[in-house]
Amino acid sequence: MALNDLIEKYLPNRFSRKAMLLKESQVFCMAPWIQLHAQTNGKVAPCCMSAVYDSNELGDLRVNPKLEDAWNSDNAKQLRLNMLNGKKSSICSHCYDYEKNGKQSERMTYNRDYVHEFHRVKKTGADGTYADVNIPLIDIRFSNKCNYKCRICDSAFSALWFDEEQKIDRPRRPPTIDTEKDIKAVADTSAFMSSYKTLLPNVQRLHFAGGEPLFMDEHYETLEYLIAIGRTNITLSYNTNFSVLRYKQYNIIDLWNRFKVVDIWASLDGMGAQGDYQRKGQKWEKIEENIRAVQQQCSTVQFGVNITVSIFNILHIPAFYTHLVQNKLVAPDRVNLYLLFDPSYFSIVHLTPALKQKAVQQFQAFESNFLSTLPPAQTTTIKNHMKAVINYMMGENGTKQNEFKHWVKAVDALRNENFVTVFPELADMMTDSL
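No experiment lies behind these values; they were computed from the predicted model shown. (Residues numbered from 1 in each chain as written. Predicted model: local features only at pLDDT ≥ 70, side-chain atom pairs only at ≥ 80, totals over all residues. Heavy atoms only, no water.)

## Comments concerning the environment of Ala410
Examined against the element boundaries, Ala410 turns out to sit in helix H17 (residues 401-415). The spatial distance from the C-alpha of Ala410 to the C-alpha of Ile168 is 6.7 Å, given a sequence separation of 242 residues. (Helix = DSSP H or I, 4+ residues; strand = E, 2+ residues; numbered from the N terminus.)

As structure tokens, this is what we get:
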């Protein structure tokens, strides 16, 4: 038995510290010991929920393409020390917000799912260094290449947004890259891919998002490299709009069938006209066709749906979830609700009081009339998320209704669309009296 294992077994105070960090601490998270994530603008963070701003990133791949340097940057080391010492970090603010509203955060999920990696924490240096660069989880957003221009998105994540933003002077995230249409996470692709590929032989879970990862050459280069080196016994995971299964010469189902597990989380915010309005470029019939194709042809895929809750879809979520589950497009426990914080004027806190009450009533009826008919173990996640949505919505009286109207009308004019025609039940959001 190793020395650390003996300490864990025979010294209760050491065990209590482990339990305290994983279960009681309000700031500790396993992510900085097990994962690297890079946004489309090259900023490196511990996870995709990170709030990257004011130079709190762990690295910048546009400046230094070596992932191993970001792993133990000054900010990375300080983040680990903050977590061990119970200090909050600005980069983790989104998880703090989720937990404040009673929602299971990514921080809590990492601590639950990766307790077996806690041995890494015990090897942290006094300055916050973690010397082992065998990183089990890697999540790189290679670019903003995407075939959609979703209402809640912008050109930081989809190049298709850029021209419209220039016409309406719409603010972008992050504002520091407001002159680029086609954004790539790295300036030196060759140096980055060399660094990236040195980490792949030891990776356990590789995540792809974007932009739209199924439209990115780097994604397919990565899969071909993994197949070539015999690393197909890993988990591939995705955030994807799930609009395409073929790209250039590739059939993604053929590639996915080579891997042990493929964990897909489709970003779908609605169905029919409401869904297609929100996610410009979506054709709902094609999404259902793609889901059926994967269900029939790819046994390695685990399919789930991530719904970003905004003013646009708050009143449609019960019907959307019911449709997905009743038509066996997704399992009841494979649907997540994410709170939209940015753009802030699309947040549900800015709904009128009457619409907030209507949303609460719909969720209550949904739980009584449909969720109650499903096995309780399968509805724990969605019930927890619904509670967090309601807490967040009712916890603040938003004041950005005029901004909401302004940006809805501006984009409607460019796209020849009409919000009230698609969402008549939300017409009060567009009245002049607000």
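## Concerning the sheet that holds strand S6 (residues 205-208)
If you walk across this open sheet you meet the nine strands as S3-S2-S1-S4-S6-S7-S10-S12-S13, and the pairing is mixed. The strands lining the two open edges of the sheet, one partner per strand, are strand S3 (59-60) and strand S13 (335-339). Strand direction decides the pairing type here: strand S12 (residues 301-309) and S13, joined by five bridges, are parallel. Looking across to S13, one finds that Val305 is bridged to Val335. The sheet contacts of helix H14 (residues 317-326) involve S12 and S13, and relative to S12 the element is tilted by about 170°. (Pairing = 2+ DSSP bridges. Contact = heavy atoms within 4.5 Å. Axes fitted to C-alpha atoms, helices over the stretch in contact; angles between N-to-C directions.)

## A word on the pattern of salt bridges
Counted under the stated rule, the structure contains 23 salt bridges. Lys77 is the salt-bridge partner of Asp74, the closest N and O atoms lying 3.9 Å from each other. Of this pair, Asp74 and Lys77 both sit in helix H5 (residues 74-84), three residues apart, which is roughly one turn of that helix. Take Lys77: its relative accessible area is 17%, and that puts it in the buried class. In this structure, a network of salt bridges that share partners links the residues Arg151, Lys280, Asp412 and Glu417. (Salt bridge = Lys/Arg side-chain N within 4 Å of Asp/Glu carboxyl O. Buried < 20%, exposed > 50% of the residue type's maximum accessible area, 1.4 Å probe, protein only.)

## Topic: the packing of aromatic side chains
Under the defined criterion, the tally for this structure stands at 32 aromatic pairs. Pairing Tyr321 with Phe366 gives two aromatic rings, centres 5.4 Å apart and planes at 75°, and the pair type is edge-to-face. Remark: Phe366 occurs in helix H15 (residues 353-369) and Tyr321 occurs in helix H14; sequence separation between them is 45 residues. For the pair Phe404 and Phe419, a centre-to-centre distance of 5.6 Å together with 80° between the ring planes defines the contact as edge-to-face. (Phe/Tyr/Trp six-rings, centres within 6.5 Å; stacked < 30°, edge-to-face > 60°.)

## Here we look at the nonpolar core
Looking at soluble globular proteins, one finds that nonpolar side chains tend to be buried together. Within the largest apolar cluster, 135 residues are counted, with the highest numbers of intra-cluster contacts made by Phe28, Tyr196, Leu206, Leu236, Tyr238, Trp256 and Ile314. Look past the residues within four positions of Tyr238 in its chain and what remains in contact with it is His207, Phe208, Pro213, Leu214, His219, Leu223, Ile252, Trp256, Val262, Asp263, Ile264 and Trp265. (Core = buried A, V, L, I, M, F, W, Y, C linked by side-chain atoms within 4.5 Å.)

## Considering helix H13 (residues 284-297)
An ideal rise of 1.5 Å per residue puts 20 Å on 14 residues; H13 measures up with 20 Å between its terminal C-alpha atoms. The set of residues buried in H13 consists of Trp284, Ile287, Asn290, Ile291, Ala293 and Val294. Residues of H13 that are buried in the fold lie against helix H11 (252-256), helix H12 (272-278), S12 and H14. (Expected span 1.5 Å × (residues − 1).)

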